[in-house]
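Take a look at the letters that make up each chain.
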Amino acid sequence: MLSRTADHLFWMSRYTERAENTARMLDVNYQTSLLPQSAAVSKVGWQGMLSISELMPAYQAKHGDVEPQRVMQFMVRDESNPSSIVSCLRAARENARAVRGSLTTEAWETQNQTWLEINRMLAAGDFERDPGQFFEWVKFRSHLSRGVTVGTMLMDEALHFMRLGTFLERADNTARLVDVKFHAVQSDFFGTASEKDQEYDFYHWSAILRSVSGFEIYRKVYRDVIKPERVAELLILRADMPRSLHASLNEVVSNLALVGGDQSSETQRRAGRLRAELQYGNIEEILANGLHAFLTQFLDRVNDLGARISRDFLLPA
């Protein structure tokens, strides 16, 4: 396969997944902001949203103080922000258009329709009317794109590069979400005694689980009250949780093996080693050594994998 084609397919999938994950993070922040809380606590949540996406400087340069409505506008419809939902969906569509011949009609039309529809919805004010419903729509279009791709594309290199893009992006975003949400509460709500704090505890962690479609899964796996250390275990180490770091790395490793060759042996080794650390990891050890440090290192290694995949297979930066 031409490296140019692989590059477009890889980034088409990454941008689609990024739009979905941005919607998920915004949704959990929006839902959490509806809970009774002080303005200071609310502001910390929105600052975390910008920090985890590394967009705080860009936001402050344009809007100054952090305000929920401005953050949502910046992260949803601001075309000058390359990580906004509208920018991601535009980039996904442009990458798809560049390799139209490598996609099935259904896969192309799904991407194109998503782009046309989001412009109509933003112009009609659908986002401002019901942010929660809008975020659900973005997630649904990403699910649809992924399902149509797997259901109609030939299982060849094109599909493998698309899957690589999807799961590399998912690993990155899940790690960022876990990091910012655990960092936000620090140790304030770990096993707190008061009823009010326990109530906040439940809503905080259940909102995080819902943001990665993990609430029902948590109930099925643990059959217990929601505890922070188990939320961390589910989202980091459980291979059967679709959006966990472990599950994402399983997909990265298997798809790398399908497209890899001699030129990518070091990339495959690093991906395999990272996957092995998740496979044999222990949540108590990770928490004891520092969750933030673990996730920061994980993100560095995922970024390294992305750079190596680009160098081994795709267009030079």
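Residues numbered from 1 in each chain as written. Predicted model: local features only at pLDDT ≥ 70, side-chain atom pairs only at ≥ 80, totals over all residues. Heavy atoms only, no water.

Participant: Explain the overall build of the chain to me, please; I cannot follow it from the model alone.
Facilitator: Of regular secondary structure, the chain possesses 16 helices and zero strands. Relative to its length of 317 residues, the chain is compact, with a C-alpha radius of gyration of 19 Å against a globular reference of 20 Å. Taking the principal axes of its C-alpha atoms as reference, the chain extends roughly 60 × 50 × 35 Å. Across the 317 residues that make up the chain, the buried fraction comes to 53%. The long-range share in the chain, meaning contacts at least 24 apart out of those at least 6 apart in sequence, stands at 65%. Carbon and sulfur atoms make up 51% of the accessible area of the chain, which totals about 14,500 Å². (Helix = DSSP H or I, 4+ residues; strand = E, 2+ residues; numbered from the N terminus. Rg over C-alpha atoms; globule rule 2.2 N^0.38 Å. Buried < 20%, exposed > 50% of the residue type's maximum accessible area, 1.4 Å probe, protein only. Contact = heavy atoms within 4.5 Å. Areas by Shrake-Rupley, 256 points an atom, 1.4 Å probe, with all protein chains shown as cover.)

Participant: Explain helix α2 (residues 39-52) here, please?
Facilitator: Residues three or four positions apart in an α-helix share a direction because the helix packs 3.6 residues into each turn. Helix length check: α2, at 14 residues, gives a terminal C-alpha distance of 20 Å against a target of 20 Å (1.5 Å per residue), a fit within 8%. Immediately beyond the C-terminal end of α2, within one or two residues, lies E54, with a positive phi of roughly 60°. (Expected span 1.5 Å × (residues − 1).)

Participant: I'm lost on the environment of I85 in this one. Help?
Facilitator: Note that I85 resides in helix α5 (residues 85-98). As for I85 and E20, which are separated by 65 residues in sequence, their C-alpha atoms are 7.9 Å apart. Ignoring sequence-local partners within four residues, the contact set of I85 consists of A19, T22, A23, L26, M75, V76, I118, F134, F135 and V138.

Participant: Looking at this model, I keep getting lost on unusual backbone geometry. Mind explaining?
Facilitator: Located in the positive-phi region is E54, a residue other than glycine, with phi close to 60°. Mapped onto the elements, E54 comes out in the loop between α2 and α3 (56-63). Accessibility expressed as a relative area gives 60% for E54, which makes it exposed. Even without glycine at this site, R223 takes up a positive phi of about 50°. Along the chain, R223 turns up in the loop between α11 (215-222) and α12 (228-236).

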